[in-house]
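# Residue-level structural notes
Each chain, written out:
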Amino acid sequence: MLSKINDYKNAYLNLHESKLINDTYLNPRNEDTQGFLTIKNRYKDQLQNKNNQLRDQSLKIEKQNQALFRFRFFFFGIVLIAIILGLIFRSKMKTIKHEKEEEITKKQIELKNKELTANMLKLIEKEEIIQTLKSHLENANTDHNTKKVIQQLEKKSVSLWDSFNNQFMELNEHFYDRLQEKSPDLSAADLKVCALIKLNFSGKEMAHLLGISLGSVHVARHRLRKKMNLERDINLTNFINSI
């Protein structure tokens, strides 16, 4: 700046003073400044070492954090998988238990249905004997005592269908409802036939229980197939048992 305003004298003095300060305090050849520079360099080295240590420590901490993050991620992943597997296993066990309970219930119902069928067959046989005895008495004698016996027989002869149907509905809850869901057009008479088919009653036994002829039973079965839209190769009994 001084040289620009032609103040060469002061410019020279300032330059000389600057060189003197430099030689005095910063020139490494100067014995007076060697101690200062040595301390400065030592401090610089120590500072560099400290920075290197801090950097190494930061890298070490970062690696530890990364390792900790990986461990946590792996650990929580294992825990999550264990929880999911536990839930799946629990759900599967519940399903198996439910299926076993359903199977046991189904077998119990089948057994009771067989008992019901056997009891009804006995009632049918008993009813046939009563009807035979009644017809024999009516044809053999018509005196007052005979008529009294016939009246007593008629009172004791209960409706076989009502007796059967009450027990059947207790054992096969909602069977009629499921039938009507599949075939809404089924009448009360159709439902009766379906119940007897489910328990494998013969045509003759069905006719006796329903109070109709054997031919009417065959007609009723044919009508059922049409209402249920069953193909020829589908067995009516198997279809009803599957409901």
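Reading guide: rules and limits
- Residues numbered from 1 in each chain as written.
- Predicted model: local features only at pLDDT ≥ 70, side-chain atom pairs only at ≥ 80, totals over all residues.
- Heavy atoms only, no water.
- Helix = DSSP H or I, 4+ residues; strand = E, 2+ residues; numbered from the N terminus.
- Contact = heavy atoms within 4.5 Å.
- Areas by Shrake-Rupley, 256 points an atom, 1.4 Å probe, with all protein chains shown as cover.
- Buried < 20%, exposed > 50% of the residue type's maximum accessible area, 1.4 Å probe, protein only.
- Arc of directions from axis to C-beta.
- Phe/Tyr/Trp six-rings, centres within 6.5 Å; stacked < 30°, edge-to-face > 60°.
- Salt bridge = Lys/Arg side-chain N within 4 Å of Asp/Glu carboxyl O.
- pLDDT = per-residue confidence, 0-100.
- Axes fitted to C-alpha atoms, helices over the stretch in contact; angles between N-to-C directions.
- Parallel < 35°, antiparallel > 145°, perpendicular 65-115°, else oblique.
- Nonpolar A, V, L, I, M, F, W, Y, C, P; charged D, E, K, R; others polar.

Glancing now at the overall build of the protein. Of the regular secondary structure elements, the protein holds 9 helices and 0 strands. From first element to last, N terminus to C terminus, the protein shows the α and β order α-α-α-α-α-α-α-α-α. For the protein, contacts bridging at least 24 residues in sequence account for 54% of all contacts bridging at least 6. Accessible surface, the protein: about 19,200 Å² in total, of which carbon and sulfur atoms supply 56%.

Taken residue by residue, helix α5 (residues 175-182) has Phe-175, Tyr-176 and Leu-179 as its buried positions. For α5, the angular spread of buried residues about the axis comes to 95°, placing them on one side. Buried residues along α5 sit in contact with α4 (160-171), α6 (188-198), α8 (214-228) and α9 (236-241).

Summed over the entire model, instances satisfying the criterion amount to 8 aromatic pairs. With 5.6 Å between their ring centres and 25° between their planes, Phe-164 and Phe-168 make a pair best called stacked. Here Phe-168 and Phe-164 lie together in helix α4, a separation of 4 residues that amounts to about one turn. Considered together, Phe-164 and Phe-168 belong to a single accessibility category, that of buried residues. Geometrically, the ring pair formed by Phe-164 and Phe-201 is edge-to-face, given 5.8 Å between the ring centres and 90° between the ring planes. Placement of the pair is Phe-164 in helix α4 and Phe-201 in the loop between α6 and α7 (203-210), with a sequence separation of 37 residues. Here the two residues Phe-164 and Phe-201 agree in accessibility, since each one is buried. Of the aromatic side chains, those joined through ring pairs into one cluster are Phe-164, Phe-168, Phe-175, Tyr-176 and Phe-201.

One pass over the structure, following the stated rule, counts 2 salt bridges. A salt bridge links Asp-190 to Arg-223, with the shortest nitrogen-to-oxygen separation between them at 3.3 Å. Placement of the pair is Asp-190 in helix α6 and Arg-223 in helix α8, with a sequence separation of 33 residues. Classification of Asp-190 as buried rests on a relative accessible area of 0%. Each of Asp-190, Arg-223 and Lys-227 takes part in one network of salt bridges that share partners.

Right, let's get into the confidence of the model for the protein. Chain-level pLDDT for the protein is 79 on average; 76% of the residues reach the 70-or-more range. Of all secondary-structure elements in the protein, the lowest mean pLDDT belongs to helix α1 (residues 8-25), at 60, while α8 reaches the highest, 92.

This part is about the packing of α6 against α8. Contact geometry of α6 with α8 gives a least axis separation of 10 Å together with a crossing angle of 100°. Regarding the angle of α6 to α8, the classification is roughly perpendicular. Where α6 abuts α8, its residues Asp-190, Val-193, Cys-194 and Ile-197 lie against Ala-220, Arg-221, Arg-223, Leu-224, Lys-227 and Met-228. For the contact of α6 with α8, the per-class residue count stands at 6 nonpolar, no polar and 4 charged.

Within the secondary structure, Asn-113 sits in helix α2 (residues 31-140). Owing to a relative accessible area of 7%, Asn-113 belongs among the buried residues under this scheme. With residues near it in sequence (within four places) discarded, Asn-113 still touches Leu-171, Asn-172 and Leu-199.

Moving on, we get to unusual backbone geometry. Its identity as a non-glycine residue notwithstanding, Asn-200 has a phi of 60°, on the positive side. In this structure, Asn-200 sits in the loop between α6 and α7. With a relative accessible area of 56%, Asn-200 lands in the exposed category. Not every positive phi belongs to a glycine, and Asn-229 is a case in point at roughly 55°. One can find Asn-229 in the loop between α8 and α9.

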